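Summary of the model geometry
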Amino acid sequence: MERNAFFDNAKVLLIFLVVFGHLIQPFASESLGIHTIYMWIYTFHMPAFIFLSGFFAKGSGNKKYIWNLAKKLLLPYLIFQMVYSGYYFFIGKSGLEFKIFHPQWALWFLFSLFCWHILLTVFKKIPASVGLLLTIAIGVGIGYFAEIGAEFSLSRTFAFFPFFLAGYWMNEERLSFLKLKSTKVLAVGVMAFVAVFMYMFPDLNSDWFLASKSYETLGYPVMGGLLRVGVYTLAVVMSISVLTFVPSTHNLFTSLGARTLYVYLLHGFFIQYFREADLFYVNDFVDLIGLGLIAFGIVIFLSSKPIMRLGQPLVEGRFTKLRDFFKSRAHTMNTTS
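Since this is a predicted model, take the numbers as computed values, not measurements. (Residues numbered from 1 in each chain as written. Predicted model: local features only at pLDDT ≥ 70, side-chain atom pairs only at ≥ 80, totals over all residues. Heavy atoms only, no water.)

1. Thoughts on the overall build of the protein
The helix and strand tally for the protein stands at 15 helices and 0 strands. Based on the C-alpha atoms only, the size of the protein along its principal axes is roughly 75 × 55 × 50 Å. For the protein, the proportion of its 337 residues judged to be buried stands at 47%. Long-range pairs, those at least 24 residues apart, make up 79% of the contacts in the protein between residues at least 6 apart in sequence. When the accessible surface of the protein is split by element, carbon and sulfur atoms take 68% of a total near 17,200 Å². Charged side chains in the protein number 27 positive and 17 negative. The centres of these two groups are separated by 14 Å. (Helix = DSSP H or I, 4+ residues; strand = E, 2+ residues; numbered from the N terminus. Buried < 20%, exposed > 50% of the residue type's maximum accessible area, 1.4 Å probe, protein only. Contact = heavy atoms within 4.5 Å. Areas by Shrake-Rupley, 256 points an atom, 1.4 Å probe, with all protein chains shown as cover. Lys, Arg positive; Asp, Glu negative; His and termini not counted. Charge placed at Lys NZ, Arg CZ, Asp CG, Glu CD.)

Here it is in structure tokens:
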């Protein structure tokens, strides 16, 4: 599919918010303002990211397709499970252990993304409205099973699948309403209201937006389903509101949208070290801006060509970028000699 500036810009914005959200998380309990920003981001950033992943999904379902998916998603998952386990031990975060079915930190996304593609081969045969209602029902119902949680990232897989399927059924024409002036006006109101709500109710558990725990664990064994419907609704309106302000034209950072997987998988090395070393503090708004600049710097650095060359064996299980680089260097040397 030909790359679209709007979607690449959206991915750059969302991956920045992923990094920034992880960077400010340790300070969310110390400051009501940071807590509000953190919760505001978490209402939409992963649902929107998953929606965009579904938009570009093909879901053919043949053996070659599934095998390529396994190489693209499961192989990096296994590699990074081992790498992060060793890294956490090295920085003193935890003992040396390797649990293949318990995704390390943000790696749940790779495992779930593989599962969403597999589920898509079935759900794409069901009418869109019926399939979406069914996935919502499953996503709501899964929270009532305390046995289903972080293992295999099953809880998140089913809870977030409606966003992936919605992305699959979406097209550019249906998204044209995002650029209407009336939509932008409503979006400002929605984002402001949600920010005020998060500020007024700081005791709201952020685990509701992570979708990794059962309703019983969250303290609402009966009403949990209704609350998840509310979380779904909030995620939809916030995702629409934020995407409304994503530019549709190319800019200096648009090309980074093709490299967000590198940022997602590698930024944990920075975040976990920062947390373990207790490097940063936030005393005022200037400090918060500083963390934002650091998050942006991480995105730029991990999107750079040298990092992609070095990281490709881990992220993609291939060496093509390194091979092409050395071939280019050899060609240049032969030409100049």
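Now that the structure is up, let's keep going.
2. Examining helix α2 (residues 32-42)
Along α2, the residues that are buried comprise Ile34, His35, Thr36, Tyr38, Met39, Ile41 and Tyr42. Lining the buried residues of α2 we find α1 (5-24), α3 (45-55), α8 (181-200), α9 (207-210) and α13 (285-302). The backbone nitrogen of Gly33 lies 3.3 Å from a side-chain oxygen of the residue at the head of α2, namely Ser31. (Polar contact = N/O pair within 3.5 Å; in protein donor to acceptor, adjacent residues only side chain to side chain.)

3. Overview of the packing of aromatic side chains
Applying the stated criterion across every chain, the model contains 35 aromatic pairs. Measuring from centroid to centroid gives 4.9 Å for Tyr87 and Phe269, while their planes differ by 80°, and the two rings are edge-to-face. Taken together, the positions of Tyr87 in helix α4 (residues 63-90) and Phe269 in helix α12 (residues 260-277) put the pair 182 residues apart, joining distant regions of the chain. For Tyr87, a relative accessible area of 16% puts it in the buried group. Accessibility expressed as a relative area gives 19% for Phe269, which makes it buried. Both rings, one in Trp208 and one in Tyr215, keep their centres 5.9 Å apart while their planes meet at 25°; by these two values the pair is stacked. Judged by its relative accessible area of 0%, Tyr215 is buried. (Phe/Tyr/Trp six-rings, centres within 6.5 Å; stacked < 30°, edge-to-face > 60°.)

4. Considerations on α12
Helical geometry note: an α-helix holds 3.6 residues per turn, so side chains three or four residues apart project in the same direction. A rise of 1.5 Å per residue sets the reference length of α12, with its 18 residues, at 26 Å; its end C-alpha atoms lie 26 Å apart and thus fit the reference within 8%. Those residues of α12 that fall on the buried side of the exposure criterion are Thr260, Tyr262, Val263, Tyr264, Leu265, Leu266, His267, Gly268, Phe269, Ile271, Gln272 and Phe274. Looking one or two places after α12, you find Asp278, whose phi comes out positive at around 55°. (Expected span 1.5 Å × (residues − 1).)

5. Side note on unusual backbone geometry
Residues apart from glycine generally show negative phi values, whereas peptide bonds are mostly found in trans. With phi around 45°, Trp105 is a residue other than glycine that occupies positive phi space. Looking at where Trp105 falls in the secondary structure, it is placed in the loop between α4 and α5 (108-123). The exposure class assigned to Trp105 is partly exposed, which follows from its relative accessible area of 23%. If you check the backbone angles, Ala211 has positive phi at about 60° while not being a glycine. You can see Ala211 is positioned in the loop between α9 and α10 (215-218). You can call Ala211 buried: its relative accessible area is 5%.

6. What to know about the packing of α1 against α12
α12 packs onto α1 with a crossing angle of 15° between their chain directions and a minimal axis gap of 9 Å. Relative to α12, α1 is oriented roughly parallel. Of the two elements, α1 crosses α12, and the hand of that crossing is right-handed. Here Lys11, Val12, Ile15, Val18, Val19, His22 and Leu23 of α1 come into contact with α12, specifically with Thr260, Val263, Tyr264, His267, Ile271, Phe274 and Arg275. Of the residues assigned to the contact of α1 with α12, the class counts are 9 nonpolar, 3 polar and 2 charged. (Axes fitted to C-alpha atoms, helices over the stretch in contact; angles between N-to-C directions. Parallel < 35°, antiparallel > 145°, perpendicular 65-115°, else oblique. Left-handed = near helix turned anticlockwise from the far one by under 90°. Nonpolar A, V, L, I, M, F, W, Y, C, P; charged D, E, K, R; others polar.)

7. Comments concerning a nonpolar patch on the surface
Together, Leu32, Phe193, Val196, Phe197, Tyr199, Met200 and Phe201 give the surface a local cluster of nonpolar side chains, amounting to about 730 Å² of exposed area. Looking at the element boundaries, Val196 is found in helix α8. Val196 sits in the partly exposed class, given a relative accessible area of 49%. (Patch = residues over 30% accessible without salt bridge, like charges linked within 9 Å, V, L, I, M, F, W, Y side chains within 5 Å. Salt bridge = Lys/Arg side-chain N within 4 Å of Asp/Glu carboxyl O.)

8. Focus on the packing of α4 against α12
In contact at an axis separation of 11 Å, α4 and α12 are set at 10° when each is read in the N-to-C sense. In terms of orientation, α4 lies roughly parallel with respect to α12. The handedness of the crossing between α4 and α12 comes out as right-handed. Within the contact between the two elements, α4 uses Phe80, Val83, Tyr84, Tyr87 and Tyr88 and α12 uses Leu265, Leu266, His267, Gly268, Phe269, Gln272 and Tyr273. Broken down by class, the residue content of the contact of α4 with α12 amounts to 9 nonpolar, 3 polar and no charged.

9. Considering the side chain of Arg228
Within the element layout of this structure, Arg228 appears in helix α11 (residues 224-243). Setting aside anything within four residues of it in sequence, one finds Arg228 in contact with Gly139, Val140, Ile142, Gly143, Ala159, Trp208, Ala211, Lys213 and Tyr215.

10. What to know about the nonpolar core
Grouped together as the largest cluster of nonpolar side chains are 94 residues, with contacts concentrated most on Phe109, Trp116 and Tyr264. Ranked by residues supplied to this core, first place goes to α1 with 12 residues. Excluding anything up to four places from it in sequence, Tyr264 contacts Ile15, Val18, Met46, Ala106, Trp108 and Phe109. (Core = buried A, V, L, I, M, F, W, Y, C linked by side-chain atoms within 4.5 Å.)

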